[in-house]
Amino acid sequence: MNVDDDQDGSFHLTPDDTQVTLASGDSESFTLSYTTKDGDAPGIDFEVTSDQDREEWSVTVETLDLSGTDATDIVPNVDQQQQTFEFTFDEALSSAETATITLENAPQDDSVLDHNNEGVVDDEGEGGSIDLDQSGTDVVFTYADGESIPAGTSVELRVPQIDVGSETDQSDPYDFVFGRSDNAGTRSIPVEVSRDTGQGELQNVEASDLVGTVPQTQEITFTPTTDMVGIESVGELVSIDLTDALDLYGNASVTSVSNATLDALDVRSDAAFIRVNADSGVSAGTEIAVTLEDVEPPATGDTYELGFSRGAADTESTTFAVDAPPNFAVTVDSFDDEVLEGDTVDVDVTVENTGDLEDTQSIQLNVDDNQNGTFDVAADTNWLTLAGGDSESFTLSYTTQDGDAPGIDFEVTSDQDREEHSATVNVSMADVVEVDENGGWTFDTEPGQTGVAFDIANTSTGQDVVITEVGVDEANDGGGNPTDADFVRDDEDAGGEFGILQNRQSNTGFDPVLLNLGDGKLDIQPNNTTGLDVNFTLGPGEQEPIGFNQFHEAGGNNTTLNMNGGSATVRLVFQDGSEDTYAFQGLPNQPS
């Protein structure tokens, strides 16, 4: 038998022959065969020949043995996804026939596609089954029954475990060829390995954001827009690709899946997937929630993408962020670094939320008033609400107390940050000065004049005393007569100097050594305090005498040589603004 498969007049194929030996007058009947193939439609011509005879015939080759052939695309990066093949028998399939789906030139083993032979058949109750052959260069799915299947039967083969390599590894689309054993090659369609978004098969896909780096719970939700089919023990799958956030899920576990079942949580060194199985079916519009525990973000401030694949179609994607938790960073801009006891230390502060999330925190000023390392005085508080990236400046205050000298330590704290500083606390200069109010004595300033001196001591151990102004509020001689205590300039008749005595001798033979305060000199009158041209500093623990001279009648120029037990009230004004008065009684007469 010779075949002309393209009906061009050339019988160039010899698919079958047989040798026959016949005696004269004998005959024999037998069958010659040819299996049609792709491209034989719409028909073939064939001839049967002997050495002496020939007979020619034509056969119509139909190609509509299967219709409605379809195969869903494959999505890169989602392992063990589900792929669906569909076809309909236009003619009945006999009990001896099979239908095949061939993936031509399919890659094997570790390449882009690797098909598992586990599958599910929905063939309108006809009871067929499938087998897989990967022995050659093709992957062949064979569907068979054992009894005839009526024309018009729709068959859906669903293979739930198809491993797919990365998108960068994919080759050109693969052709799936659908055929029947009695008429091969009836349909051929390409199947893409590519992402195909916007199918609308899933909606409201969401993944909750994470905060910081501590292990935490995350919920991933989605809603199918059409019914998800549950078939036998393997329902329709939704694969959630976690690979972009792989490092977050190494220790994670799925604790619940609402309205469906968990098919697998697969976390490996190079990929991570959640597969959710609609065993019993899920109605359109039903939310499915997957809850994972012990998700561990490795960093903050990152955004990750999750891809959702329903069946084998990449339908939607969503992103979630790993937000930096609130972080209230404290900066002390300035503060009063030296104050007197009783004064207020003002601390100017700026607080910035360097995290991503809004928070409300108390910013606390705590004081260690005895500098022993314990910040046990809660001095001031400011409550702040800051969004991520916002900042605010304000002032916190502490009023120093008796005993805070010589200094305090303080800290400004938020829930996450702390800054520490120290401030010097001085006692008022007036408070550390002792004057021997009963120790005044007279001395010669110039012949015929009388002066008075007294001891002044700095009792502190850590601060100077600086006298900036002096005065005599009032003075009276022994008879109760007002007396002026004047200091006149050098060019005036009375002459003399105001001075700080550098040494003290006994009343007899007293020879004062005066510290010249400069050319400006002093003019001391009752109820008058005059600034010094040169301030006088008394160091910690030091004691020196201070003296006034030229007592005379009030308003006059006559010198009162003897005070005869009179009195004087002296005022000292210090550099820190403090002042004090000292009353001297029983001022002695001029030494004889």
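A brief look at the structure comes next.

Quick notes on the rules
- Residues numbered from 1 in each chain as written.
- Predicted model: local features only at pLDDT ≥ 70, side-chain atom pairs only at ≥ 80, totals over all residues.
- Heavy atoms only, no water.
- Phe/Tyr/Trp six-rings, centres within 6.5 Å; stacked < 30°, edge-to-face > 60°.
- Helix = DSSP H or I, 4+ residues; strand = E, 2+ residues; numbered from the N terminus.
- Buried < 20%, exposed > 50% of the residue type's maximum accessible area, 1.4 Å probe, protein only.
- Salt bridge = Lys/Arg side-chain N within 4 Å of Asp/Glu carboxyl O.
- Core = buried A, V, L, I, M, F, W, Y, C linked by side-chain atoms within 4.5 Å.
- Contact = heavy atoms within 4.5 Å.

Notes on the packing of aromatic side chains
Here is step 1 of the chain: Counting across every chain of the model gives eight aromatic pairs.
Here is step 2 of the chain: For the pair Phe 87 and Tyr 143, a centre-to-centre distance of 6.2 Å together with 70° between the ring planes defines the contact as edge-to-face. Of this pair, Phe 87 sits in strand β5 (residues 81-89) while Tyr 143 sits in strand β10 (residues 139-144), placing them 56 residues apart in sequence.
Here is step 3 of the chain: Judged by its relative accessible area of 0%, Tyr 143 is buried.
Here is step 4 of the chain: Three or more aromatic residues joined by ring pairs make a cluster, and in this case those are Phe 87, Phe 89, Tyr 143 and Phe 178.

What to know about the pattern of salt bridges
Here is step 1 of the chain: Overall, the coordinates contain seven salt bridges when judged by the stated rule.
Here is step 2 of the chain: Glu 236 is the salt-bridge partner of Arg 310, the closest N and O atoms lying 2.7 Å from each other. Of this pair, Arg 310 sits in strand β22 (residues 302-310) while Glu 236 sits in strand β17 (residues 236-241); the two residues are 74 residues apart in sequence, bridging distant segments of the chain. When sorted by exposure, Arg 310 lands in the same class as Glu 236, which is buried.

Looking at the nonpolar core
Here is step 1 of the chain: Ile 220, Phe 222, Ile 240, Leu 248, Tyr 249, Leu 292 and Phe 320 are the most contacted members of the largest nonpolar core, which totals 32 residues.
Here is step 2 of the chain: Elements with a minimum of two residues in this core: β14 (202-207), β16 (216-224), β17, β18 (253-257), β20 (272-278), β21 (288-295), β22 and β23 (313-323).
Here is step 3 of the chain: Once residues lying within four places of it in the same chain are set aside, the contact partners of Leu 292 are Gln 216, Thr 217, Gln 218, Ile 220, Tyr 249, Ala 252, Ser 253, Val 254 and Ile 274.
Here is step 4 of the chain: Of all hydrophobic cores here, the second largest spans 25 residues; its members include Val 433, Val 452, Val 470 and Phe 584.

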